[in-house]
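# Observations on the three-dimensional arrangement
Each chain, letter by letter, is given below.
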Amino acid sequence: MSDPVLCLYGLHKTYNKGLPGEVQVLRGVDLTVNAGEVVALVAPSGAGKSTMLHIAGLLDVPDTGTVSLAGQDMTGLSDRKRTAARRSDIGFIYQFHHLLPEFSALENIVLPQLAAGIARSTAEARARDLLDRVGIAARAGHRPAALSGGEQQRVAFCRALANKPRLLLADEPTGNLDPATSDQVFGALMELVRGTGLSALIATHNMELAARMDRVLRMDAGQLSI
Ligand SMILES: Nc1ncnc2c1ncn2[C@@H]1O[C@H](COP(=O)(O)OP(=O)(O)OP(=O)(O)O)[C@@H](O)[C@H]1O
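Residues numbered from 1 in each chain as written. Predicted model: local features only at pLDDT ≥ 70, side-chain atom pairs only at ≥ 80, totals over all residues.

Rules: UniProt positions are given in the numbering used here, feature names are shortened, and annotations may be inferred rather than shown by experiment.
The chain appears in an unreviewed UniProt entry as Lipoprotein-releasing system ATP-binding protein LolD from Pseudosulfitobacter pseudonitzschiae. Entered under Sequence similarities (unreviewed entry) in the UniProt record, the comment concerning the chain runs "Belongs to the ABC transporter superfamily. Macrolide exporter (TC 3.A.1.122) family."

Right, dumping it as structure tokens:
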């Protein structure tokens, strides 16, 4: 059997250690995401979800515990190697799209590929394919301001997948959309993820969306449970 795509083991994280504002955020988090698996993370506000996603995404480090991607331990790597692993292996989606306003939808998906050394023709073909998969191929030339909120978020999904990551991490990916749009846009995300065989860890407050994933984990007081 292949290695899990993501393996978190014994994660602890405390902010402001030893100071009056000390917050023990993660208290022993263990998690495995297997190849092609889509895992929901449901957590009340302040439970430590973003902290865990940042550590899983190599944007932050735990006080103790390990993070492995595709069987490789990331914990002891230099900042430069962690950044390289993050760029090549992980796609991020946030609640807000964070698209570059002066570039078209297509260019927002092409640019990260050019930065990774991919030829423009290949990058454009991939961007068009991704836009087609999420149903907005006709919007390729529009800048973000000329797109609806749901369309902007679909472009952000395509951008996250542009460099063919191993793992997608999403923090409330449809959290700023109205319920009907959220439902449709989430459907587009799931089709994209399923269609590419990607592994994903998706945080949401929405139990109906969580139920559409392979497995639901709850986070409370810095620990995970089923
Ligand atoms: N850099 C920091 N310094 C100090 N405390 C922090 C820091 N980042 C987060 N915290 C605290 O850690 C706790 C968990 O924060 P985190 O952002 O991980 O929660 P969350 O579950 O993602 O919440 P939300 O859903 O509201 O975003 C909160 O009490 C927060 O105030």
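Following the structure, the description resumes.
## Re the site of the ligand
As a reminder, the rule being used: Any residue whose C-beta atom, as set from the backbone, lies within 6 Å of a molecule or strand is reported as near that molecule or strand. Residue classes follow a fixed rule: Ala, Val, Leu, Ile, Met, Phe, Trp, Tyr, Cys and Pro count as nonpolar, while Asp, Glu, Lys and Arg count as charged, and any other residue, Gly among them, counts as polar.
Close contacts around the ligand come from Tyr15, Asn16, Val23, Val25, Ala43, Ser45, Gly46, Ala47, Gly48, Lys49, Ser50 and Thr51, and that covers them all. Partitioning the shell around the ligand into residue classes produces five nonpolar, six polar and one charged.

## What about the UniProt feature "domain: ABC transporter" (unreviewed entry) in the chain?
Put simply, the test is: Secondary structure is summarised from DSSP: a helix means a run of H or I of at least four residues, a strand means a run of E of at least two, and numbering begins at the N terminus for each.
Here, UniProt's "domain: ABC transporter" (unreviewed entry) annotation points to residues 6-226. Structurally, residues 6-226 is divided into 36% helix and 26% strand, and its ends, taken at the C-alpha atoms, are 17 Å apart.

## A closer look at the sheet that holds strand 3 (residues 38-42)
Just so we agree on the cut-off: DSSP calls a pair of strands paired once it identifies at least 2 bridges connecting them. For helices, the axis comes from a line fit to the C-alpha atoms of the stretch in contact; other axes are also lines fit to C-alpha atoms, and the angle between any two N-to-C directions lies between 0 and 180 degrees. Working definition of a contact: two residues with C-beta atoms, positioned from the backbone, lying within 7 Å.
The strand order across the open sheet built from six strands is 6-7-8-3-9-10, with neighbouring strands paired in mixed fashion. In this open sheet, the two edge strands, each paired with only one partner strand, are strand 6 (90-93) and strand 10 (223-225). Each neighbouring strand pair of the sheet contributes to a mean axis angle of 20°, computed without reference to strand direction. Note: strand 6 against strand 7 (residues 167-171), four bridges, orientation parallel. Looking at strand 7, one finds that Ile90 is bridged to Leu167. Contacts from helix 1 (residues 49-56) reach strand 3, strand 7, strand 8 (199-203) and strand 9 (215-220) within the one sheet, and its direction differs from that of strand 7 by about 155°.

## Side note on unusual backbone geometry
One non-glycine residue, Lys164, lies in the positive phi region at around 50°. Looking at the secondary structure, you find Lys164 in the loop between helix 5 (149-161) and strand 7. The residue Ala221 is not glycine, and still its phi comes out positive at about 50°. Its place among the elements puts Ala221 in the loop between strand 9 and strand 10.

## Observations regarding the environment of Ala146
Where we set the bar: As a rule, residues whose C-beta atom has 12 or fewer other C-beta atoms within 10 Å are exposed, those with 20 or more are buried, and those in between are partly exposed; C-beta atoms are placed from the backbone.
When you line up the elements, Ala146 lands in the loop between helix 4 (120-133) and helix 5. Its 12 C-beta neighbours within 10 Å are what place Ala146 among the exposed residues. Here the alpha-carbon distance between Ala146 and Met52, two residues 94 residues apart in the chain, equals 34 Å.

## Topic: the environment of Ala162
Inspection of the secondary structure assignment puts Ala162 in the loop between helix 5 and strand 7. Using a count of 23 C-beta atoms within 10 Å as the deciding quantity, one classes Ala162 as buried. Setting aside its immediate chain neighbours within four residues, Ala162 contacts Ile109, Pro112, Gln113, Arg126, Ala127 and Leu130.

## Observations regarding the sheet that holds strand 5 (residues 72-73)
Within the open sheet, the four strands sit side by side as 2-1-4-5. Their pairing is antiparallel. Looking along the sheet, the strands with just one partner apiece sit at the ends: strand 2 (23-33) and strand 5. Looking at chain direction, strand 1 (residues 6-15) and strand 4 (residues 64-69) are connected through five bridges and run antiparallel. Residue Tyr9 lies in a different strand from strand 4, and its bridge partner there is Thr66.

## What about the packing of helix 5 against helix 6 (residues 179-196)?
Test applied: Put simply, angles under 35 degrees are roughly parallel, angles over 145 are roughly antiparallel, angles from 65 to 115 are roughly perpendicular, and the rest are oblique. Left-handed describes a crossing whose near helix is turned anticlockwise from the far helix through less than a right angle; right-handed describes the clockwise counterpart.
Relative to each other, helix 5 and helix 6 sit at 20°, their axes nearing to 10 Å. Here helix 5 lies roughly parallel to helix 6, going by the angle between them. When the axes of helix 5 and helix 6 are compared, the crossing they make is right-handed. In contact with Gly149, Gly150, Gln153, Arg154, Phe157 and Leu161 of helix 5, helix 6 contributes Thr181, Gln184, Val185, Ala188, Leu189, Leu192 and Thr196. For the contact of helix 5 with helix 6, the residue count by class is six nonpolar, six polar and one charged.

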